[in-house]
Structure formats: structure tokens, C-alpha cells
Amino acid sequence: MSITDDRRVTTDDLPEDPGTGGLSEQLLRLRELKEAIAAGDPAGTERQHAKGKLTARERIALLLDEGSFHEIEALRRHRATGFGLEKKKPHTDGVITGWGTVHGRTVFVYAHDFRIFGGALGEAHATKIHKLMDLAESAGAPLVSLNDGAGARIQEGVTALAGYGGIFQRNTRCSGVIPQISVMLGPCAGGAAYSPALTDFVFMVRETSQMFITGPDVVRAVTGEEISQNGLGGADVHASISGVAAFAYDDEESCLEEVRYLLSMLPQNNRETSPVEETEDPADRSVDALLDLVPGDPNQSYDMRKVIEEIVDDHDFFEVQPTWATNIICALARLDGHVVGIVANQPASLAGVLDIHASEKAARFVQTCDAFNIPLVSLVDVPGFLPGVDQEHGGIIRHGAKLLYAYCNATVPRVQVILRKAYGGAYIVMDSRSIGVDVSLAWPSNEIAVMGAEGAANVIFRREIAAADDPDAMRQQKIKEYQSELMHPYYAAERGLVDDVIDPRETRSALIGSLAMLRTKHANLPSRKHGNPPV
Ligand SMILES: CC(C)(COP(=O)(O)OP(=O)(O)OC[C@H]1O[C@@H](n2cnc3c(N)ncnc32)[C@H](O)[C@@H]1OP(=O)(O)O)[C@@H](O)C(=O)NCCC(=O)NCCSC(=O)CC(=O)O
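Residues numbered from 1 in each chain as written. Predicted model: local features only at pLDDT ≥ 70, side-chain atom pairs only at ≥ 80, totals over all residues. Heavy atoms only, no water.

Left-over empty space is what a probe sized like a water molecule reveals as it rolls over the atoms. Computed from the structure, the second largest pocket encloses a volume of approximately 230 Å³. Around the second largest pocket, the lining comprises 13 residues; the ones closest to its centre are Pro 298, Asn 299, Tyr 423, Ala 453 and Glu 454. For the lining of the second largest pocket, the secondary structure elements donating two or more residues are β14 (414-423), α17 (453-460) and α19 (471-486). Its residues assigned to classes, the lining of the second largest pocket comprises six nonpolar, three polar and four charged. Composition of the lining of the second largest pocket by domain shows at least three residues from each of domain 2 (289-446 + 489-518) and domain 3 (451-488). (1 Å grid on protein atoms, 1.4 Å probe; cavity = no way out; pocket = protein on both sides within 12 Å on 5 of 7 lines; lining within 4 Å. Points joined across faces, edges and corners; volume = space filled by probe spheres on them. Helix = DSSP H or I, 4+ residues; strand = E, 2+ residues; numbered from the N terminus. Nonpolar A, V, L, I, M, F, W, Y, C, P; charged D, E, K, R; others polar. Domains from an automatic or database assignment.)

Here's what the structure looks like:
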């Protein structure tokens, strides 16, 4: 079989059918054609490997269960003309589409083939993706995109742009219906970056993947700034600074392995729940370590990750956006085999305050869990919202409201544990009784108040303190008074604002018991077209 000038096989390259019309000839011809398409362009494969990247088919093989991939439209070719396109019509048109299984469950996947037009999206390429997305929606199964494409195919002009529009429209339509995961595995510019932003989770690989609206050349021309591709939109930038990516990995293999892991924790669609996994970890396990992990002094820091580790099944949890807005932790884990979404303040970072980024991160996570029937566990130890000009001018009111809105709107089972302090508006926001949590538990060390004792005493006893012979002694006395009057869990428990004060060692069993009770929870929101969240 010969290869055409552009090093890609076409049906014209196949052996002449001798005209016998025999089935065996036809089958041979079909097999050769499919094998040639699957093999692709060896030189392109070498170039891809030399850049430290896998080919689209190698990626699909790593993502899916072995031998489970069913490809559709491998025979598709574009019909565009101009700029030499009529002479260059490779099969697949630069995107491989189909479905397979991950841990035995159906998953739809499309993967850009960078060897063909740099994975750039033209009309045929786009309509293949549209068809796959429609199938994923109809079948009610997750969609994973393996992105390695140069954006709109320049030679196809507005038809390429319209192709992107069709993807965005479907991303939005499928939002909250099927899980959508975007894996960034190459330079993704312009249109190639917008679709991932509409999906539930974005994965990136360090060094080899980038996302930007315009590349470094355009940035230099417009703003005069000099920056490399990775500096502008590499994995660490998006996982730690912009918050666009939820996860960053060192290589494609570990990245795709983690996509498989994430899928194992998600339901197939919004009408199902996540798979339950048998566990040897006893539901009534007493968590003695919790007594020492959380310091009594409300100003002393500790690592909330260790608390989560102690509570969840097999000490195993999967953190979403672990390097962005680290003052709040969002994680998926299992409790007695059932998946839960954990939102936890992190005293080890910025004392666990809520700020603009933390509010946005948690709001998005709460919304994602609610869309996919994943119950929410909130572990609260929060000193308040972060004060400051930057925060106020940056719109902390608007961003904080996103988290408030997401919790208030969530109809999944919701359980709150207040570990230590919970002050002011931040207490209300972190899924308090008044905004609809189903079960609220507190540790005996807990302090719920409008603000810390010192601040409170300075405001409400200002006159007494100023008039005292010894203002400092008076301040200390008033602080103590405020603490003993108000700042303990029994004040909230007496008023029904927490349902129970528990021994910290019983946290795991109390959570599991509450969530088991709530498994049949059914909640309806008032009929409306949709809410108007402070996006
Ligand atoms: C993506 C890249 C950084 C990759 O660089 P590399 O050095 O790895 O690869 P490369 O430049 O040799 O490209 C590989 C092959 O893909 C082709 N190629 C690259 N980009 C293309 C595009 N957008 N349309 C059609 N073909 C394209 C190249 O001509 C080359 O073909 P051959 O192998 O035949 O030589 C660069 O190619 C690039 O900057 N491309 C332009 C990106 C872009 O501006 N896209 C439009 C976004 S606008 C958009 O999407 C809408 C919007 O938001 O405005």
C-alpha cells in the first residue's frame, strides 16, 4: 500500500478491487483501510513522541478498559476546499470519537489527533464531536475530551468557528446532566480553551499542555508583555493561580489514571448516584486521633487534611483544586462505601478564612456535587471572611454570595460538623442550620459567635473598658464573660442551631449514620425557569 504525499492513507491508496465482488476481497479492503487509519502517520507519531506526548489512540487506550473502545466515524473526511485542503483529506479529520468503558461503565471520549492539522477543528471534525456529545447525552454517560488541538482550523474560517459554537452549546446543555471532563494534553488556544471551561473538571499535564485565549505572540503584540507558553497558560498557572484547572500532573499516564479514578467516584448522569464500594473500614470506627489533631486554642493552626484522612474510608480522599485557594479544601471521598463531597476550611492556609477564590472554589464544588447527587459534608473551622480593600474592591460580596447561593440551592443530603470556631457570616455560609443543612453537629470545643471574643468585647464593652481604672484587666474580664456566656456549643444547641454536640471520636460514625438516614431525602425547589445566581 502506498502513502500519499501528505503521509496519510486514503481509500485511493488501497489495492484495486479486482472486480470479483467477492466478500473476502471486500473484507480485506475494509481491514486494510481500518488498520491504516489506526496506524496513522508514523512520522507524525514520532514528532508527537519527541514532544513528550502520546498519540490520540495511545491516550484512549490508557483511559479506557482494555479492548473496550468502539470508534465511530473513523472513515470521515472533510469536504472543505481552498488553501490546498482539497488535496489533503485525511480520514478521521483529526479527531477520534467513540465510546468504551472505565471500570466497566460506559464513557464517551473524543481525542484530537495533533498529527492531522495540529488537531485544529474544522467542520467535519466539529460535527463528529457534536454527534458524540448528542450520543453521550442520550445514553446518559460521561463525556471525556482529550484535548490537543490548535483551535479553529484557520483554512475553514467561519465554519470552524461555528463548529466550536455547536460544542459550547452542547457543553452547556449537558451541564449537570452527564459528567464532562476535559483533559488538556497539548497547546489549546482560543476556541479549544473555552469548551473545557464549560465542563465539570479540567485536568492538565505539566510542560506539555497549555490553555490560553491568545498565545504569547499576540500578548506581546497587544500588551508588550514577554512570556513563555507555560508561563502564560501552563498546568501550574491554571492549577494554582487562575483556578481554571482542577488537577495538574507530571505525565499523561498518571493524569489519565486519575481521570479513571475520578470517574469511579461519579455517577453516570444526574438521575443516578455514584457507585457504592464495599469497604473493610468499620462504619463505627472510633477516631481517637481527632482528639489530638485539633488544638484547643482557636488561633493555633493545624492541617484539616489530616482530619479528613482520619474520618473517611481507608483514609483515602481525592482533592479537587488542591493547589488553588488552599484555604478551603474540596474533596471527594467515601463514607461507608458511599461517595460524599467534603468542603472544609483549612486553618493551615490563611487561617482558613473565606476569601474571593475560596468562595468561588467551594461554590463550584457544592454546585457540582448537588448536580450529581453527591451528599455534602461540611467541616467548619472558620474565623470569618477576609477583610481588606483588595477583597472588597474585588467583589468579595458577590463572590461570597456564590457559595451562599450554592449551599442554599443544594437539595442533596447535607451534614455539617463544626470543629472549632465558626464566626460571623462565614459561619452562616458554611452550611449552617439557618440555610438548610439537614444535620448539624458540633464538637465540645466549638465556638459559634458573631466574632472572636476579643473583638466582641472591644465593641460591646467599649465604654466600660475605657472608664475602668485598669482597662486591660477590664477587657480581659469582659472577654471571659463573653466567652463563658456565648462561645460554646451549648448556647447553639439550646437554641436548636446545632442538633447535637458529639465526642470528636464519634465523628465518622455520626456522619455515616446521618447520611444513611438521609439517603432517601427528596427535596423540591419551587418551580421556576432557573435561579439567577450571582455567577
Ligand atoms: C498550536 C501551536 C502552538 C502548535 O505548535 P507546534 O510547533 O507544536 O506545531 P506546528 O505549528 O508545527 O503545527 C502542526 C501542524 O498544525 C497546523 N496548524 C496549527 N494550527 C493550525 C490551525 N489553527 N489551523 C490549521 N492548521 C493548523 C500547522 O500548520 C502544522 O501543519 P503541518 O504539519 O502541515 O506543517 C501552533 O501551531 C499555533 O500557535 N497554532 C495557531 C493557534 C491558533 O492561533 N489557533 C486559532 C485560535 S482562534 C480560535 O480558536 C477562535 C478564537 O477564540 O478566536
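Once you've had a look at it, read on.
When the parts of a complex come together, some accessible area is lost, and that lost area is often taken as the interface size. Segmentation of the protein chain into domains returns domain 1 (29-265), domain 2 (289-446 + 489-518) and domain 3 (451-488). Contacts between domain 2 and domain 3 engage six residues on the former and six residues on the latter. Counting the surface domain 2 buries against domain 3, the share from its top three residues, Tyr 423, Pro 489 and Tyr 491, is 78%. At the surface where domain 2 touches domain 3, the tally comes to zero salt bridges. Scanning the region where domain 2 abuts domain 3 turns up two residue pairs in polar contact (both at pLDDT 80 or more). The biggest single contributor to the side of domain 2 that touches domain 3 is helix α20 (residues 489-494), with four residues. Residue composition of the side of domain 2 that touches domain 3, grouped by class: five nonpolar, one polar and no charged. (Contact = heavy atoms within 4.5 Å. Buried area = accessible area lost by both parts, 1.4 Å probe. Salt bridge = Lys/Arg side-chain N within 4 Å of Asp/Glu carboxyl O. Polar contact = N/O pair within 3.5 Å; in protein donor to acceptor, adjacent residues only side chain to side chain.)

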